[in-house]
Amino acid sequence: MQISKYRKKVNSLLKQFLVWRAKHIKDRQFIYILSVITGLLSGLAAVVIKNTVHLVEILLTEGISGVHSFLYFVYPLVGILLSVAFVLFIIRKPVGHGIPNALYAISRGNGNIHKRDTWTSVVTSALTVGLGGSVGLEGPTVATSAALGSNLGQKFKMTRKTKVLLIACASSGALSAIFNAPVAAIVFALEVIMIDLTAVSLAPVLLASISAVLTSRLFLGEETLFHFNLSDPFIVGDTLFYVLLGVVCGLLSVYFTKVYFFVEKYMQKVSNKLVRAILGGTIVGALIFLMPQLYGEGYGLINALIEGDEEKALIGTFLKTIGDNSWSIILFLGVLVMVKAFATSVTLQSGGVGGIFAPTLFMGTTVGYLYAKFFRESGIADLSSSNFTLVAMGGMMAGILHAPLTGVFLIAEITGGYELFLPLMITAAIAFITVKYGVKNSVYTMQLAKRGDLLTHHKDQAVLTLMNLKEEIEQDFVKVHPYDKLEGLVKAVADSKRNLFPVVDEDNIFLGVITLNDIRQIMFDRDQYDKVLVHELMTSAPEYIYYTDSMESVMNKFDRSGAWNLPVIDADNHYVGFVSKSKLFSGYRSRLKDFYDEED
């Protein structure tokens, strides 16, 4: 009873505020206020998730090392199993992966994300990553922040456009707080979250990014994920090596994506989720037991390699003489890169909750370091380990995330200058071009693209994605049956406001269509009323629209057929209704205006 009274009081105050806001604060100003609040919440979410996971990790791993501890095998299994059990028995609803979940809310969810998503990723990521799952925290942080932004918009009765903008603000704020890189976070919102770049959208995202990073600094100080001093300058003579590095990053990105969906395909064959969790946890645990560098996010190895500290980076490995043999180190790092993709994929596909941002940086750091070391040891060129390590991180982001600009600006920003800006641009561009030859979409967007739910910067495709076939179907057509007589058909014409009549059998199976033009010459000939049957007059539809078709497919069918109306049927050929070209164009124009027009 007390909770009910509290909710009523809160709702009453909210209604009073909304009335006051409508009178005193303009919509644009209120959006700016909400974007700042969203940024603050995103910064807090980043702090909470990071500290929670790191606390769990410290409590569990302090004092253990490498192959000397069987706990490295046990922890990931327990973490994944607990995450799956938490979802199955406590939440009882699936926890979507962070960035794909935000993208789906933008394209199909009307900007709405359920309120439970504001906290579920915090718990599940703490269990997964804190106990060693080989994934990152960026995805869960974005998921939590996006849910906070969406629910803020829902609470204040904002439009779909504003809720989508708040999701972008939240995503930008999350990345800004995690990496202490507000500019790269804004680029991320434009490039990955796919918001349209307008004056209306840019200012709120900028405010959110700033407020998030300030919040993070307030609680964490100037602490950053990466620790290094950039000392080696860019050498123009190394340009070809940066080009080749871009190709290597692109090929590895294709490898990562292929491995991810290969693992997904085979893990999904295990229908029991608890059994799948045990299987996946066992595999990940075994890999981490052999290579403890795979434990959790892996920022320890990332920082060690950036600093050039091989002993620290490779501590706990099963290679006893690793510090004395450079080619053994190169071989080990090469295997580590390949295995990391597999460990990350298994962690996620077995039910663990995390992101691929940190694994992308992990792979980039490792491949960049071994790349420079290989050329030095082979005597071909004396390449800077720190420079190539950092640039490879940007290249892998361009490849795996399909976000070349985010990769360039993130690495440039965290290095505290633009000394590496040119090589970053070269490597990121080549990696992005290379990966596009192998895979069209990133891990974030592949499944959405297959379902036709992906929103892109292609305006026509974006508007079609936002449209919903169910909203365009018209059902005010009078149905006739194949063995009805002409007299009954004429009566149907008199009772109908449409000039189109679907022909269906007794089971509502669609058979064909009759138009007014088909019967115009005989409809007033009473001698034909009892002689002519409907099936003698009907014609086949030039195309059929299935209930599950994407709007892009629907538009293509209209283009091919040249028809003004096409029937909609389900998978069993049952008649559903018709879609008209005129209604589609009207809906298209309305969506286009709603999505891209700037507000006052």
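Residues numbered from 1 in each chain as written. Predicted model: local features only at pLDDT ≥ 70, side-chain atom pairs only at ≥ 80, totals over all residues. Heavy atoms only, no water.

Observations regarding the sheet that holds strand β5 (residues 575-580)
Item 1. Spatial ordering of the open sheet is given by β3-β4-β5, a layout of 3 strands whose pairing is mixed. Of all strands in the sheet, those bounded by a partner on one side alone are β3 (545-546) and β5.
Item 2. As defined by bridge partners, strand β4 (residues 565-569) adjoins β5 across 5 bridges and the pair is classed as antiparallel. Residue pairing across strands places I569 opposite Y575, the latter belonging to β5. (Pairing = 2+ DSSP bridges. Helix = DSSP H or I, 4+ residues; strand = E, 2+ residues; numbered from the N terminus.)

What to know about the confidence of the model for the protein chain
Item 1. For the protein chain, per-residue confidence averages 82 on the pLDDT scale, and residues scoring 70 or more make up 83% of the total.
Item 2. Least confident of the elements in the protein chain is helix α20 (residues 459-466), whose mean pLDDT is 55; most confident is helix α10 (residues 239-267), at 94. (pLDDT = per-residue confidence, 0-100.)

Notes on the packing of helix α5 (residues 120-130) against helix α6 (residues 138-155)
Item 1. Two numbers describe how α5 lies on α6: the axes approach to 8 Å, and their chain directions differ by 165°. On the basis of the axis angle, α5 is roughly antiparallel to α6. In the packing of α5 onto α6, the handedness of the crossing is left-handed. Residues S121, V122 and S125 of α5 pack against P140, A143 and T144 of α6.
Item 2. Among the residues making up the contact of α5 with α6, the classes are represented as 3 nonpolar, 3 polar and no charged. (Axes fitted to C-alpha atoms, helices over the stretch in contact; angles between N-to-C directions. Parallel < 35°, antiparallel > 145°, perpendicular 65-115°, else oblique. Left-handed = near helix turned anticlockwise from the far one by under 90°. Contact = heavy atoms within 4.5 Å. Nonpolar A, V, L, I, M, F, W, Y, C, P; charged D, E, K, R; others polar.)

Remarks on the pattern of salt bridges
Charged atoms that come close allow side chains of opposite charge to pair.
Item 1. Taken as a whole, this structure holds 4 salt bridges when the rule is applied.
Item 2. The partner of R498 in a salt bridge is E474, and the shortest N-O contact between them spans 3.2 Å. Taken as a pair, R498 in the loop between α22 (486-495) and β1 (500-504) and E474 in the loop between α21 (469-472) and α22 lie far apart in primary sequence, 24 residues in all.
Item 3. In this structure, the salt-bridge partner of D476 is R498, at a minimum N-O distance of 2.7 Å. Placement of D476 in the loop between α21 and α22 and of R498 in the loop between α22 and β1 is noted, with a sequence separation of 22 residues between them.
Item 4. Classification of D476 by relative accessible area gives partly exposed; the value is 46%. (Salt bridge = Lys/Arg side-chain N within 4 Å of Asp/Glu carboxyl O. Buried < 20%, exposed > 50% of the residue type's maximum accessible area, 1.4 Å probe, protein only.)

Structural notes on the environment of D117
Item 1. Position of D117 among the secondary structure elements: in the loop between α4 (98-107) and α5.
Item 2. Taking the relative accessible area as the measure of exposure, D117 reaches 11% and is therefore buried.
Item 3. When the C-alpha positions of D117 and A146 are compared, they lie 8.8 Å apart, and in sequence the two are 29 residues distant.

Some remarks on the side chain of S121
Item 1. Within the element layout of this structure, S121 appears in helix α5.
Item 2. Other than its neighbours up to four places away in sequence, S121 contacts V95, A126, P140, A143 and T144.

Digging into the packing of aromatic side chains
Item 1. For the structure shown, the criterion picks out 19 aromatic pairs.
Item 2. Arranged with centres 6.2 Å apart and planes meeting at 65°, the rings of F188 and F357 form a pair that is edge-to-face. With a gap of 169 residues between them, F188 in helix α8 (residues 182-191) and F357 in helix α15 (residues 357-377) connect regions that are remote in the sequence. Across the pair, exposure class does not vary: F188 and F357 are buried alike. (Phe/Tyr/Trp six-rings, centres within 6.5 Å; stacked < 30°, edge-to-face > 60°.)

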